[in-house]
Amino acid sequence: MPNPLIQDPGRIRDLSAAMAKGEITAETLVRRYLDRIAAVDGQVKAWIHVLADAPLAEARALDAERKAGNIRGPLHGIPVGIKDVIDVRGLPTRANSPSRADIAPARADATVVAHLRAAGAIILGKLHTTEYAFFQSLPPTRNPWDLARTPGGSSAGSGAAIAAGMVPLALGTQTAGSVNRPAAYTGVCAFKPSTLAIGGVGVVPLAPSFDTVGAFGASAQDAAYLAAGYAADHLRLASRPATTPRIVLLQDPLIEKLQKPSTAARVAALAEQLGAAGLTLHRSSADAGFEEMMARHRRVMLAELGRTHAGLPRDRISTAVADGIAEGLAIPDEEYHAALRDLAGFRARFWAGFGPDDFILTPAAPDVAPDAGSTGDPSFVIATTVLSGPVVTLRAGLAADSGMPVGALLFGRPGADAAMASFLFSATATALDL
């Protein structure tokens, strides 16, 4: 029996084509998603603020622009949800923390949100997050595939809202695994651009060496559309350089130790699909392992959490965040700097073993989404964050033993954003609905 909480929100290319033909309007789309939110978010709890009047007014204005022949691009008239660590003008950015419960509404949009508005996107509201995007402080959001399970974190609401058909696109942020993992757990896709590729203000920090705004969509191509809306200089969708990547199936001791058979089977089936579509597959290991990257990442993340949020009142944050701050402040600068040097060395050693057109394929997580008592295991995504290039979550189907979504990661070297986007917009990727 179909799950009534799961609904495809539509592909951007199809929604845009329908608007171009006059079959639907941006106002119709906004009303459709608002109705869906009203119908299912009482159970999923993805949203913390839902706007209505402003999105409808913006939609009518964008419909008038379209009628006059002014089309801003593929995001023209497309609704987007925003993770609640990112400023949206007129709404408070609470970051799911009592320490920000009384914060005033943002006076301006975050830079990434301003770029999306300029591209014609319509901001539908704010989505739940873990506290300060730290992985241990849980939001109320549930996985629409199974309400007893987590949607992942910290961008919990972003993945859940798309999986439940409440919005076609959403913004999240990634410091460890907070975009690519919830996308995998909820059966949607994501595009995390190269780390620190996107500047600007208006995003609550966690660990600034890693904090990166990422894009969610029902397909990886849609996530790339959204990422291009705020990172156009990096993705360069207008030029779309020809890219035929070699897909490297990474062999790593941590993956082999932790990956469950049902997850491995789905990722292997996805690899077979890519091979059958004409892409070259290659198995290889790397000179830097996931487990050692994870250990150094944790040191840097905690050190920067402590230094960034040392002034937070301890009686107004969760024990998990307070303990993380204390542990980070106890890390001496010398150890912090040494960990940063180690991470740079890991990146150099890892990428030295691969060619410029290689994209690496791994599972997104050891298993499907666990119960809602945690946000799940970020082990596999953390290493890709450390490696600093673009990371895409692809759908790999449903696990045979649980019926829950399985995701895979496809990632490239730092600066390979345009090449990755080119692949996602290729005829091969479109035919596979990646």
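Residues numbered from 1 in each chain as written. Predicted model: local features only at pLDDT ≥ 70, side-chain atom pairs only at ≥ 80, totals over all residues. Heavy atoms only, no water.

Concerning the overall build of the chain
A tally of regular secondary structure across the chain gives 16 helices and 11 strands. Against the 2.2 N^0.38 benchmark of 22 Å for 434 residues, the chain shows a C-alpha radius of gyration of 20 Å, consistent with a compact globule. Dimensions of the chain along its principal axes, counting C-alpha atoms only, are 55 × 55 × 45 Å. Taking all 434 residues of the chain together, the buried fraction comes to 58%. Considering only intrachain contacts with a sequence separation of at least 6, the fraction spanning at least 24 residues in the chain is 79%. (Helix = DSSP H or I, 4+ residues; strand = E, 2+ residues; numbered from the N terminus. Rg over C-alpha atoms; globule rule 2.2 N^0.38 Å. Buried < 20%, exposed > 50% of the residue type's maximum accessible area, 1.4 Å probe, protein only. Contact = heavy atoms within 4.5 Å.)

Things to note about the sheet that holds strand E1 (residues 47–50)
One open sheet accounts for 11 strands, arranged E1-E3-E2-E4-E6-E5-E10-E11-E9-E7-E8; its pairing is mixed. Each edge of the open sheet is held by one strand with a lone partner, namely E1 and strand E8 (280–284). Going across the sheet, the axis of each strand differs from the next one's by a mean of 30°, ignoring polarity. Sheet analysis places strand E2 (residues 79–83) next to strand E4 (residues 169–174), joined by three bridges and oriented parallel. Among the inter-strand pairings, Gly81 is bridged to a residue of E4, identified as Ala170. (Pairing = 2+ DSSP bridges. Axes fitted to C-alpha atoms, helices over the stretch in contact; angles between N-to-C directions.)

Focus on unusual backbone geometry
Following Gly153, the chain continues to Ser154 via a peptide bond in cis, the omega torsion being 5°. Looking at the secondary structure, you find Ser154 in the loop between strand E3 (122–127) and helix H5 (156–163). Phi at Tyr132 is positive, roughly 55°, even though this residue is not glycine. Following the sequence through the fold, Tyr132 ends up in the loop between E3 and H5. In this structure, Asp433 takes a positive phi of about 55° despite not being glycine. Among the structural elements, Asp433 can be located in the segment after helix H16 (427–431).

Quick word on the nonpolar core
Of all hydrophobic cores here, the largest spans 143 residues; its most connected members are Leu171, Tyr230 and Phe350. Apart from residues no more than four positions distant in its own chain, Phe350 is found in contact with Leu250, Ala286, Ala288, Phe290, Met293, Ile360, Leu387 and Phe411. (Core = buried A, V, L, I, M, F, W, Y, C linked by side-chain atoms within 4.5 Å.)

Brief notes about the pattern of salt bridges
Applying the stated criterion across every chain, the model contains 21 salt bridges. In this structure, Asp433 engages Arg13 in a salt bridge whose closest nitrogen and oxygen atoms are separated by 3.8 Å. In this pair, Asp433 is assigned in the segment after H16 and Arg13 in helix H1 (residues 12–20), connecting sequence segments 420 residues apart. Here Asp433 falls in the partly exposed class, since its relative accessible area comes to 25%. When its relative accessible area of 29% is taken as the criterion, Arg13 is described as partly exposed. Residue Arg307 is joined to Asp333 by a salt bridge in which the shortest nitrogen-to-oxygen separation is 2.8 Å. In this pair, Arg307 is assigned in helix H11 (residues 290–308) and Asp333 in helix H13 (residues 333–352), connecting sequence segments 26 residues apart. Assessed through its relative accessible area of 32%, Arg307 is described here as partly exposed. Here Asp333 falls in the partly exposed class, since its relative accessible area comes to 40%. (Salt bridge = Lys/Arg side-chain N within 4 Å of Asp/Glu carboxyl O.)

Some points on the environment of Ala46
Among the secondary structure elements, Ala46 is positioned in the loop between helix H2 (26–44) and E1. Under the relative-accessibility criterion, Ala46 is labelled buried at 0%. Residues Ala46 and Leu5, 41 residues apart in the sequence, show an inter-C-alpha distance of 12 Å. With near-sequence residues (within four places) excluded, Ala46 lies in contact with Asp41, Leu127, His128, Thr141, Gly157, Ala160, Ala161 and Met166.

What to know about H2
Maximum bend of H2: about 40°, positioned at Ala38. The complete set of buried residues in H2 reads Ala26, Leu29, Val30, Tyr33, Leu34, Arg36, Ile37, Val40, Asp41 and Val44. In this fold, the buried residues of H2 make contact with H1, E1, helix H3 (53–67), E2, E3 and H5. One or two residues past the end of H2 sits Lys45, with phi positive at roughly 60°. (Bend = angle between axes of the 7 residues up to and from the residue.)

A look at the environment of Val406
Among the structural elements, Val406 can be located in strand E11 (residues 405–411). Since its relative accessible area comes to 4%, Val406 is described here as buried. Residues Val406 and Ser262 lie 144 residues apart in sequence; the distance between their C-alpha atoms is 8.8 Å.

So, the side chain of Arg181
With respect to the helices, strands and loops of the structure, Arg181 is situated in helix H6 (residues 180–185). Buried charged residue Arg181 carries no salt bridge. Nearest counter-charge: Asp377, at 6.6 Å. One polar contact links the side chain of Arg181 to the main-chain carbonyl oxygen of Gly376, over a distance of 2.7 Å. When near neighbours in sequence (up to four residues on either side) are disregarded, Arg181 contacts Phe135, Gly153, Thr375, Gly376, Asp377, Pro378 and Val381. (Lys, Arg positive; Asp, Glu negative; His and termini not counted. Polar contact = N/O pair within 3.5 Å; in protein donor to acceptor, adjacent residues only side chain to side chain.)

Describing the packing of aromatic side chains
Counted according to the given criterion, the structure contains seven aromatic pairs. Geometrically, the ring pair formed by Trp351 and Phe354 is edge-to-face, given 6.3 Å between the ring centres and 70° between the ring planes. Residue classification places Phe354 among the buried positions, given a relative accessible area of 7%. Ring plane angle 75° and centroid distance 6.1 Å describe the contact between Trp351 and Phe411, whose orientation is recorded as edge-to-face. Of this pair, Trp351 sits in helix H13 while Phe411 is found in strand E11, placing the two residues 60 residues apart along the sequence. Accessibility assignment for this pair places Trp351 and Phe411 in one class, buried. Ring pairs connect the aromatic residues Phe350, Trp351, Phe354 and Phe411, which therefore count as one cluster. (Phe/Tyr/Trp six-rings, centres within 6.5 Å; stacked < 30°, edge-to-face > 60°.)

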